[in-house]
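As a plain string of letters, each chain reads:
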Amino acid sequence: MPWELEIHHIDLQRSGDSTIVVARNNGNIQKTVLIDGGKAGSADIIHNYLTTTIGVDRVDVIIVTHYDEDHFAGIHTLLNEQGTNLYDNSIIYDLGEPPNDDKYFRRKTRTKRRKPRTKIRADGTPVTYHNQPDTDYTKYIDAIATKPNIIRATQSVNSLDIVRYDVNNLATIPYPPDAYLNHLVPYWLVGKELMWGNGGDGLNGRPAFNSVVPANAPTITCIAANKYVLQNDGGFRYVSELSIFDGPTRMSDATIADQENNDDNAKSIGLLIQFNNFKYYVAGDLTQFQEDGCRNHNAVETPLQPGVRDRVNNANNMAGRVLAMKTSHHGAQTSSSRIFINQLRPSAAILSTSEPNRRYSHPAARTVNILDGYPEIPILSTNDVYHEHPPTPPPPPQRPIRYYLTGYQNPNNNPPTGYGGDASETAGNPSVAPPAPGHIKLTITENQSLRPPQGQIYRGIKAATQHTAQAVGIALTLQQIDTIADKGTVYGTAVAVAIAVGALQDAATRALDYTAWVGLDTNNVGIIATALQTRNGGGNANAVSTAAAQVDGGHRIGFLGNGAAEAIGAAMTGSNANAISQAATLAGATPNAANAAGHAAATVYNTTNMNPDDAGYAVAAAMGAVAGGATVAQGSAIAAAIAATVAVVDAATTARVTTKAAIAAGMANNLAALAGAVAAASYYEGVPHEVFKGVLAALQAANFPDPLPTNQANAAEISATIPANDLFNLQFQCRGDMGQTKNYNIAHCY
């Protein structure tokens, strides 16, 4: 019978996080897993969603990623829910026994602060109570104790003293067996499959842990806990950025233990949900260090301790991608780095946010920048601690990730506003009565789960690359074709073209950086915009050049180097390639940079539906590409492709201008045609008919006679076509343009 996986992201309407995973077989619920329960006040929302929206009659597994109040305090409230047996037989997985201090072992109180007092726990150990707000751990274990059939599988896991450093200042693995008798090692949970596990720990006559997974069924595997990260070879690494030295002196064991054991977010449980080819990542508040991996700061020349990214997509390619993810820590700047997102390659990201998250700037501008396709600190970002990215043009230098928020940070504004960026959609509608909740449901059928995960963008770029290369006699290996498709899918048009024409990726990166320097800042001031205003006012090349050079006191144009302003002035006033090149050279530009700028800009200026400002952007991009190691012809192709994305022209024009600019700069016609076809396929996200138009236009622009262009374009379109290309579905309600509530059902195929 066919399986189906559902992942429900709950709008808690306050700061917090909760995810529900449901596995169905032939439509019938087989397993329900609750990951985190938000704050105590969120319990009713979660319980009602479980019973009414989903219709479950039991929660099989509860996973507490860490002991922050906004993730697990709601669990004890759910366990104490009256009039239900929904949670009576759950298996609970958490970090284990936390450190023996009052951060965990104390009661919440609203009374005035009193002097600290010490009490003796049942096991005979003393605990100091401070009467300050805590993380509800005591209430949590008390609630579990009232349910005799609940299995807390991790009750004996050592989360109180998680690491011992050896004489070389490296974490001891395996953990010393005599350090904590009657305790399981801190990484006991790591590597275990939890959806189908029996909850056994093998202690005190209890059965050993075992998980029997039905054929083709979804799974949930713990890949990180207590700072230990599962490795691709099945082993473990302790990943921590904390130093154990105070200057040249190693700290005492007690001080080391205190800082390592109380680093709660970094100890979060990380989970990989898999359903055949589908992968999903969720990890509480796990930090960048555990996600990316880091070097041990305690010893000289220690190796990188690989993080989560190297476990979930070890090959670092589209075939191993994570199709969807929940960004850790509500999109905080401490998680979900650029390198992490690049390696996971998600088609969609979910962020758990609501009004109280505004206090913490969740999601952070850094996370928004990354998901919107910008660097963590973009060029021309706001000059403050947030570094919000500038508006377009130019478009973001990297392909954005579509992302979805479970709630607005300012729901009472008219209209409601949030901290999401250009590529985001916020679920829910707080402006209607009653407010529409921002729950987001992700579903994957078994048929979808069996499809290749690379997606439509990859498939289209690969088809364009393969058939164009075959048509023009360029012998590419399958690895080379895959690399072009992979780079184009992750990074976008400029990088795809650079790799296709044999340039370094850095050539495209520098081209995009230079393009950003002449674009708009967050006050809508930019070199090209100022130059265009001067040109449209009747200014000649010298006047346009002077205007470009004066923006921001000349600071910005200085990043492009000598001759850039002069080339922009000549290009935007319609000069030919030689004149543009000469203007740049006389002002001190290198011959290669000047020539690449001249050929790219002149081609762009004379292309239908492209404008003088696009020629100015082409100058900047060409000079950047050459600075990044590109030849004149490679730089011209990269720059023309970037200019096409700035101009937002159609696929045929994108292919045509890229091809012609490359040929004008001396590139062989066959390689120029490949560049044009790749540019169009990448920019238009591999859509089959756009692939057809791009391949056809590129081959025709390179003067290949019919019927070759038509035949190869048809073949590329067929190869790019996936009969069923949806990889998963997202369903949610959101606020429409007129304030009405809209129902979304998005088939993700990217």
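Just above sits the structure.
Read on for an overview of the structure. Source: prediction; values computed, not measured. (Residues numbered from 1 in each chain as written. Predicted model: local features only at pLDDT ≥ 70, side-chain atom pairs only at ≥ 80, totals over all residues. Heavy atoms only, no water.)

1. Here we look at the sheet that holds strand β5 (residues 91-93)
Overall, mixed pairing links the nine strands, which are arranged β8-β5-β4-β3-β2-β1-β22-β23-β24 in an open sheet. Here the strands that pair on one side only, and so sit at the sheet edges, are β8 (151-152) and β24 (741-748). With eight bridges joining them, strand β23 (residues 728-735) and β24 adopt antiparallel strand pairing. Note that in β24 the partner of N729 across the bridge is A747. (Pairing = 2+ DSSP bridges. Helix = DSSP H or I, 4+ residues; strand = E, 2+ residues; numbered from the N terminus.)

2. Observations regarding the pairing of strand β20 (residues 402-405)
Where strand β19 (residues 348-351) meets β20, four bridges bridge the pair, whose relative direction is parallel. From the neighbouring strand, I350 faces β20, where its bridge partner is Y404. Taken together, β19, helix α8 (residues 365-371) and β20 constitute a β-α-β crossover, and its handedness is right-handed. (Right-handed = clockwise from strand over helix to strand, strands pointing away.)

3. Section: the sheet that holds strand β10 (residues 228-230)
Spatially, the nine strands line up as an open sheet ordered β11-β10-β9-β14-β15-β18-β19-β20-β21, and their pairing is mixed. Two strands lie at the open edges of the sheet, namely β11 (236-238) and β21 (424-426), each paired on one side alone. Here the average twist between neighbouring strands, direction ignored, is 25 degrees. (Axes fitted to C-alpha atoms, helices over the stretch in contact; angles between N-to-C directions.)

4. Brief notes about the pattern of salt bridges
The final tally for this structure, using the stated rule, is 19 salt bridges. A salt bridge links R345 to D486, with the shortest nitrogen-to-oxygen separation between them at 2.8 Å. You can see R345 sitting in the loop between α7 (338-344) and β19 and its partner D486 sitting in helix α11 (residues 478-490), a full 141 residues away along the chain. On the basis of relative accessible area, R345 is assigned to the buried category, the value being 8%. On the accessibility criterion, D486 (9% relative accessible area) is buried. Among the charged side chains, a salt-bridge network with shared partners connects D57, R58 and D60. (Salt bridge = Lys/Arg side-chain N within 4 Å of Asp/Glu carboxyl O. Buried < 20%, exposed > 50% of the residue type's maximum accessible area, 1.4 Å probe, protein only.)

5. Structural notes on the state of the cysteines
Tallied over the entire structure, the rule returns zero disulfides. Considering cysteine sulfurs only, C749 is the nearest to C734, which forms no disulfide, with 19 Å between them. We classify C734 as buried; its relative accessible area is 1%. (Disulfide = S-S within 2.5 Å.)

6. Some words on the packing of aromatic side chains
For the structure on display, the rule yields 18 aromatic pairs. Note on F278 and F728: the rings are 6.0 Å apart at their centroids and 70 degrees apart in plane angle, and the pair reads as edge-to-face. One end of the pair, F278, is in strand β15 (residues 278-282); the other, F728, is in strand β23, and 450 residues separate them in sequence. Its relative accessible area of 0% is what places F728 among the buried residues. The structure contains a cluster of three or more aromatic residues connected by ring pairs, namely Y165, Y187, Y228, F236 and Y238. For K192, the ring lying beneath its charged end belongs to W188, and the centroid distance is 4.4 Å. The positively charged end of K192 is found above the aromatic ring belonging to F209, 5.7 Å away from the centroid. (Phe/Tyr/Trp six-rings, centres within 6.5 Å; stacked < 30°, edge-to-face > 60°. Lys NZ or Arg CZ within 6 Å of the ring centre and 35° of its normal.)

7. A closer look at the packing of helix α17 (residues 564-572) against helix α18 (residues 577-586)
When two helices pack together, their arrangement is given by the angle between their axes and by how far apart the axes lie. Direction vectors running N to C along α17 and α18 enclose 160 degrees, while the axes themselves pass 7 Å from each other. One element, α17, and the other, α18, form an angle in the roughly antiparallel class. Our pair here, α17 against α18, has a crossing hand that is right-handed. Where α17 abuts α18, its residues E566, A567, A570 and A571 lie against A579, I580, A583 and A584. Split by residue class, the contact of α17 with α18 holds seven nonpolar, no polar and one charged. (Parallel < 35°, antiparallel > 145°, perpendicular 65-115°, else oblique. Left-handed = near helix turned anticlockwise from the far one by under 90°. Contact = heavy atoms within 4.5 Å. Nonpolar A, V, L, I, M, F, W, Y, C, P; charged D, E, K, R; others polar.)

8. Brief notes about unusual backbone geometry
Here the amide bond leading from T392 into P393 is cis, since omega sits at 0 degrees, within 30 degrees of zero. In this fold, P393 is placed in the loop between α8 and β20. The step from A433 to P434 runs through a cis peptide bond, and the omega angle for that step is -10 degrees. As for its position among the elements, P434 is in the loop between β21 and β22 (440-445). Positioned with a positive phi, N169 is a non-glycine residue whose angle comes to about 65 degrees. In this structure N169 comes out as buried when scored by relative accessible area, which is 14%.

9. Quick word on the environment of A618
Here A618 lies in helix α20 (residues 612-627). Judged by its relative accessible area of 0%, A618 falls in the buried class. As a C-alpha pair, A618 and H748 span 130 residues in sequence and 33 Å in three-dimensional space. Here A618 is in contact with A600, A601, V604, A639 and A643, once residues within four sequence places are set aside.

10. Observations regarding the environment of K742
Examined against the element boundaries, K742 turns out to sit in strand β24. Setting aside residues no more than four positions away along its own chain, K742 makes contact with F732, Q733, C734 and G736. Here Y744 takes part through its side chain, which lies 3.5 Å from a polar atom of the side chain of K742. (Polar contact = N/O pair within 3.5 Å; in protein donor to acceptor, adjacent residues only side chain to side chain.)

11. Observations concerning the environment of C294
Assignment of secondary structure puts C294 in strand β16 (residues 293-295). Sequence separation of C294 and L696 is 402 residues, and the distance between their C-alpha atoms is 47 Å. Excluding residues within four positions of it along the chain, C294 makes contact with V239, S240, E241, F289, L304 and Q305.

12. Quick notes on helix α12 (residues 493-500)
Because each turn of an α-helix spans 3.6 residues, side chains separated by three or four positions in sequence point in the same direction. Of all eight residues making up α12, seven are buried, and the element is well covered by its neighbours. T493, A494, V495, A496, V497, A498 and A500 are the residues of α12 that are buried. Phi turns positive, to about 90 degrees, at G502, one or two residues after α12.

13. Observations regarding the packing of helix α21 (residues 632-647) against helix α22 (residues 651-664)
Axis separation between α21 and α22 bottoms out at 8 Å; the angle between their running directions is 160 degrees. One way to sum up the angle between α21 and α22 is to call them roughly antiparallel. The element α21 and its partner α22 pack so that their crossing is right-handed. In this structure, α21 contributes A633, S636, A637, A640, A641 and A644 to the contact, and α22 contributes T654, V657, T658, A661 and A662. A breakdown of the residues in the contact of α21 with α22 according to their chemical character gives eight nonpolar, three polar and no charged.

14. Quick notes on helix α10 (residues 455-472)
The terminal C-alpha atoms of α10, which comprises 18 residues, lie 26 Å apart, in line with the 26 Å expected from a rise of 1.5 Å per residue. Counting buried residues along α10, 14 of its 18 residues qualify, which places the element largely inside the surrounding structure. Count one or two residues on from α10 and you reach G473, which has phi positive near 80 degrees. (Expected span 1.5 Å × (residues − 1).)

15. Here's the deal with the pairing of strand β1 (residues 3-9)
Most of β1 is tucked away: six of the seven residues are buried. Sheet topology places β1 next to strand β2 (residues 19-25); seven bridges connect them, and they run antiparallel. Note on β2: the bridge partner recorded for W3 is N25. Of the pairings in the sheet, the one linking β1 to β22 comprises six bridges and is antiparallel in character. If you follow I7 over to β22, its bridge partner there is L442.

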